[in-house]
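Each chain, written out:
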Amino acid sequence: MKEFFGFGGYERIPEGYFSWQHLTFVSSLMLIMVCAALFFGLRNKNKTEKQKNKVLLWAAILIDGAEIFKTIILCVRSEDPLAWLYNLPLFLCSIQLIAIPLAALSSGRLKQAALDFVFIFGVLGAVMGTYCAGQNYGSYPVLSFDNVVSGITHSISGFAALYIGFSRMISMKKKNIWITVCILLGFCVSALIANTLVDYNYMFLRAGDGTPYDILYNLVNGNAVLYPLGVVGLFLVYIVAFYFVFYLCTKRSAHKK
């Protein structure tokens, strides 16, 4: 257990990014994620909003509980009472720690926007935080506390997004796009401020750090202005592209009917 939690450092050599152990582990998580979302989503799609919300509420409890537990362990492990400053919910995937509870507990346009935000970014975050997490799987053994908890929280994020789609909770109203964009930009600004204050790399706005963002970082030669602007720009392009594809698919589906 001491080795699993990493107290005193991991003695095992990391299997490596894109090793068969890494791919097997995260693929298993993705399979569970999709199957669970299909089961609960299809079972609840014709039920009341209150009944649909129960699943989202449990997802919110589990993802926030796991993240709080991880932060406590990391603070104890590092013996630094300020270690929590480097575990703030200021990554793209971490926004779900707030967005999923909002989707489950709020109402009106805020609920619609939160549901849309989870739907838009949940699966992307799940894939980026598992298959593309070179900063984790290149540094820690696959079956370690850091990677297991990270894999679980990212999978819950993807589960919530798929469940919202399968249970027909999405609204994807054009009038709510600006709320989704504001949520994202608000976290980006917070991440920039935090990066300056604590010298960290929240939202990967300073460097790619072993993730696919390295492609953009190398394209702009690590420019301190162009790189973060490019990352935020990619987020915005993704939102617009997601809405476009969604409306294209739903329009075709409606036309066939």
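Residues numbered from 1 in each chain as written. Predicted model: local features only at pLDDT ≥ 70, side-chain atom pairs only at ≥ 80, totals over all residues. Heavy atoms only, no water.

What follows is about the overall build of the protein. Helix and strand counts for the protein stand at 10 helices and zero strands. Ordered by position from the N terminus, the helices and strands of the protein form the series α-α-α-α-α-α-α-α-α-α. Its C-alpha radius of gyration of 19 Å places the protein within 12% of the 18 Å reference for a compact globule of 257 residues. Projected onto the principal axes, the alpha-carbon positions of the protein cover approximately 60 × 40 × 35 Å. Total accessible area on the protein is roughly 13,300 Å²; 70% of this is exposed by carbon and sulfur atoms. (Helix = DSSP H or I, 4+ residues; strand = E, 2+ residues; numbered from the N terminus. Rg over C-alpha atoms; globule rule 2.2 N^0.38 Å. Areas by Shrake-Rupley, 256 points an atom, 1.4 Å probe, with all protein chains shown as cover.)

Looking now at a positive patch on the surface. Together, Arg43, Lys47, Lys50 and Lys54 make up a positively charged patch on the protein surface. Its location among the elements puts Arg43 in helix H2 (residues 20–44). Classification of Arg43 as partly exposed rests on a relative accessible area of 44%. (Patch = residues over 30% accessible without salt bridge, like charges linked within 9 Å, V, L, I, M, F, W, Y side chains within 5 Å. Salt bridge = Lys/Arg side-chain N within 4 Å of Asp/Glu carboxyl O. Lys, Arg positive; Asp, Glu negative; His and termini not counted. Charge placed at Lys NZ, Arg CZ, Asp CG, Glu CD. Buried < 20%, exposed > 50% of the residue type's maximum accessible area, 1.4 Å probe, protein only.)

The space that makes up the largest pocket amounts to roughly 910 Å³. Forming the boundary of the largest pocket are 36 residues, of which Lys70, Phe91, Gln135, Asn136 and Tyr200 lie nearest the centre. Broken down by secondary-structure element, the contributors of at least two residues to the lining of the largest pocket are helix H3 (49–78), helix H5 (108–128), helix H6 (134–137) and helix H7 (145–166). Ranked by the residues each element gives to the lining of the largest pocket, the list is headed by H3, at six residues. The residue makeup of the lining of the largest pocket, split by class, is 16 nonpolar, 14 polar and six charged. Looking at the second largest pocket, its volume works out to about 310 Å³. Together, 14 residues line the second largest pocket, and Ala36, Phe40, Leu62, Ile156 and Phe159 are the ones closest to its centre. The set of elements that each furnish at least two residues to the lining of the second largest pocket consists of H2, H3 and H7. Its residues assigned to classes, the lining of the second largest pocket shows 12 nonpolar, one polar and one charged. (1 Å grid on protein atoms, 1.4 Å probe; cavity = no way out; pocket = protein on both sides within 12 Å on 5 of 7 lines; lining within 4 Å. Points joined across faces, edges and corners; volume = space filled by probe spheres on them. Nonpolar A, V, L, I, M, F, W, Y, C, P; charged D, E, K, R; others polar.)

The subject of this paragraph is the pattern of salt bridges. Applying the stated criterion across every chain, the model contains five salt bridges. Residue Arg206 is joined to Asp199 by a salt bridge in which the shortest nitrogen-to-oxygen separation is 2.5 Å. Here Arg206 falls in the partly exposed class, since its relative accessible area comes to 38%.

This brings us to the packing of aromatic side chains. Applying the stated rule across the entire model yields 26 aromatic pairs. The interplanar angle of 10 degrees and the centroid separation of 4.4 Å between the aromatic rings of Tyr17 and Phe18 together place this pair among those described as stacked. Residue class for Phe18 comes out partly exposed when judged on its relative accessible area of 47%. On the basis of an interplanar angle of 80 degrees and a centroid distance of 6.1 Å, the ring pair of Phe119 and Phe246 is categorised as edge-to-face. Taken together, the positions of Phe119 in helix H5 and Phe246 in helix H10 (residues 226–256) put the pair 127 residues apart, joining distant regions of the chain. Like Phe246, Phe119 is buried. Joined through ring pairs, the aromatic side chains of Phe117, Phe119, Phe121, Tyr238, Phe242, Tyr243, Phe246 and Tyr247 make up one cluster. In this structure, Lys174 packs its charged tip against the face of Tyr247, placed 5.1 Å from the ring centre. (Phe/Tyr/Trp six-rings, centres within 6.5 Å; stacked < 30°, edge-to-face > 60°. Lys NZ or Arg CZ within 6 Å of the ring centre and 35° of its normal.)

As a further point, take the nonpolar core. Within the largest apolar cluster, 60 residues are counted, with the highest numbers of intra-cluster contacts made by Leu56, Leu92, Leu184, Met203 and Phe235. When residues no more than four places from it in sequence are discounted, the contact partners of Leu184 are Leu92, Ile95, Phe117, Phe121, Phe235, Leu236 and Ile239. Ranked by size, the runner-up nonpolar core spans six residues in total, among them Phe5, Ala66, Ile73 and Val149. (Core = buried A, V, L, I, M, F, W, Y, C linked by side-chain atoms within 4.5 Å. Contact = heavy atoms within 4.5 Å.)

For the rest of this paragraph, the subject is the packing of H3 against H7. The contact between H3 and H7 brings their axes to 10 Å, and the two run at 160 degrees. Classified by the angle between their axes, H3 and H7 sit roughly antiparallel to one another. Crossing handedness for the pair H3 and H7: left-handed. Looking at the contact of H3 with H7 residue by residue, the class counts come to 16 nonpolar, three polar and five charged. (Axes fitted to C-alpha atoms, helices over the stretch in contact; angles between N-to-C directions. Parallel < 35°, antiparallel > 145°, perpendicular 65-115°, else oblique. Left-handed = near helix turned anticlockwise from the far one by under 90°.)

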